[in-house]
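Structural characterization, general
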Amino acid sequence: QSLVDGMELEPQSRQALEDYYNKLYGLDQPAPVQYVRWLNNISPIGFERLADGSFGEFSLWKGPDLGTSFRYGRPVTDMIAERLPITLLLNLISIPLIYALAIGIGVQAARQRGGRFDVTSNIFLLGLWSVPSMLAGVLFIGFFASEQYWRWFPTGGLMRRETADQTFLPLFSSFGDVFITVLCVALITVALISAAVSFSLKKRQYAGVIVGALLGYAMAFNLHGQAFGVLHLFLIPSMALLFRLLAGLNNIALRIIVAGTFGIGLGLAISRLLGVDILQGGYLLDRLWHLVLPVIALSYGGLAFLAKLTRSSLLENLAADYARTARAKGVDEETVLWRHVFRNSLLPLITVSATLLPSLLAGSVIVESIFSIDGMGKLAVEAVQTRDRELVLSVTLISGLLTLVGYLLADIAYAIVDPRVSYD
């Protein structure tokens with residue numbers, strides 16, 4: 001009945017349309033029968049379905065058929081083939097980012113248990129975990145994509161329409177502009193990375209305070225254009241404290257990542273101040289520019305949880321008997337951490353990774369809706385809102401398959417990490 005609601009049809013036409021859908025999908029039959037019909041349709045082996053909805057001969061390879069969308073009138077397989085790569089792109093960027101940052105933060109917090117970094121990161125991660133993704137997405141758009149504040153990123157979508165006709169890489173007006181941009185990015189990035197590696201802790205912290213204060217002043221000036229105001233009083237100490245904490249990281253890999261990322265952005269900004277003329281940004285930079293806010297909104301919750309899990313797992317194994325025995329034999333602390341403790345600490349992370357893939361798909365439902373990204377998450381919302389049965393069942397099927405794939409990968413990772421686990 002819901003398929004023909006809203007259609008201004010005569011009673012005879014409405015009845016004929018209802019009869020057609022009932023025969024095509026078996027909607028007038030009991031729910032178990034409808035489910036068995038759907039299983040037959042999606043299975044590559046089974047009875048062939050004819051155009052009128054009846055079943056033909058049994059075939060060993062008839063091919064899976066996810067049906068036709070009630071709303072769009074298109075094959076569901078074609079729609080999923082268009083939307084699924086977009087969601088996979090978001091997840092393939094988010095998952096490595098989550099694990100890399102979570103492991104780095106968790107290891108650093110465990111090594112400095114009770115220290116300044118441990119306490120600060122615990123408060124920060126708890127705050128991240130407490131913020132819902134739908135609120136974070138709205139705040140990101142409101143502050144970093146709105147005309148009233150910093151319009152650094154687009155409000156939604158994955159690309160601008162005019163970008164489809166542009167080149168893949170940025171197009172500069174002259175070779176001199178290319179040289180200036182590459183030179184600025186290279187010199188500043190190398191300088192910051194060298195400082196992050198060679199400077200002492202106090203020098204790094206002083207430099208971080210100066211850089212953060214200057215960045216906070218630039219952000220406030222860019223927003224209001226005032227020499228000094230209330231916003232300066234908030235942003236200058238906040239950014240100075242943030243960069244002081246980042247510069248004080250003991251993990252050299254994290255320092256290099258932070259310094260390199262900031263160096264690239266600062267080099268591009270300085271090259272623009274020097275008058276570099278970019279004719280067009282190119283497809284690649286435009287796509288990356290659109291992905292920044294959705295990836296952050298999709299990643300920060302998992303990052304907070306996995307970082308806390310990494311810390312607790314490392315602390316538990318650092319106090320284990322085999323770690324104390326290794327120290328008693330004269331093994332240095334770095335070797336105990338990375339060769340003995342870290343490998344055993346990966347087991348809880350692998351367990352969580354089995355559910356991370358389907359959970360990111362569920363999280364993309366919110367993120368894609370907020371940022372107007374035409375992926376599987378937004379498709380699932382549209383399917384539920386319009387009561388499109390074929391789409392809802394297909395999205396559920398994809399989510400179930402991703403869950404099974406996650407469990408399979410977790411089992412394989414168990415066997416790789418833990419030699420006691422074997423599958424004969």
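We now turn to the structure provided with this report. All values reported here derive from a predicted model rather than from experimental measurement.

**A word on the overall build of the protein chain**
Along the protein chain, the regular secondary structure elements total 14 helices and four strands. If you line up the protein chain on its principal axes, its C-alpha atoms span 80 × 60 × 40 Å. The buried share of the protein chain, taken over its 424 residues, is 38%. Put simply, 67% of the contacts in the protein chain that link residues at least 6 apart link residues at least 24 apart. Surface exposure of the protein chain reaches about 23,900 Å², of which carbon and sulfur atoms provide 67%.

**Things to note about the packing of helix 3 (residues 76–111) against helix 10 (residues 282–318)**
For the pair helix 3 and helix 10, interaxial distance at closest approach is 6 Å and the crossing angle is 35°. Viewed along their axes, helix 3 and helix 10 form a crossing whose handedness is right-handed. Partitioned by chemical class, the residues of the contact of helix 3 with helix 10 number 23 nonpolar, six polar and two charged.

**Here we look at the packing of helix 3 against helix 14 (residues 389–417)**
Across the interface, helix 3 lies against helix 14 with an axial gap of 11 Å and an inter-helix angle of 50°. Taken together, the axes of helix 3 and helix 14 lie oblique to each other. Note on packing geometry: the crossing formed by helix 3 with helix 14 is right-handed. Facing Val76, Met79, Ile80 and Leu84 of helix 3, the residues of helix 14 in contact are Glu390, Leu391, Ser394 and Ile398. Grouping the constituent residues of the contact of helix 3 with helix 14 by class yields six nonpolar, one polar and one charged.

**Looking at the environment of leucine 306**
Considering the arrangement of structural elements, one finds leucine 306 in helix 10. The spacing of leucine 306 and isoleucine 103 is 203 residues in sequence and 7.6 Å in space, taken between C-alpha atoms. In this view, leucine 306 contacts Ile98, Tyr99, Ala102, Leu349 and Val352; residues no more than four positions away in its chain are not counted.

About the cut-offs
Residues numbered from 1 in each chain as written. Predicted model: local features only at pLDDT ≥ 70, side-chain atom pairs only at ≥ 80, totals over all residues. Heavy atoms only, no water. Helix = DSSP H or I, 4+ residues; strand = E, 2+ residues; numbered from the N terminus. Buried < 20%, exposed > 50% of the residue type's maximum accessible area, 1.4 Å probe, protein only. Contact = heavy atoms within 4.5 Å. Areas by Shrake-Rupley, 256 points an atom, 1.4 Å probe, with all protein chains shown as cover. Axes fitted to C-alpha atoms, helices over the stretch in contact; angles between N-to-C directions. Left-handed = near helix turned anticlockwise from the far one by under 90°. Nonpolar A, V, L, I, M, F, W, Y, C, P; charged D, E, K, R; others polar. Parallel < 35°, antiparallel > 145°, perpendicular 65-115°, else oblique.

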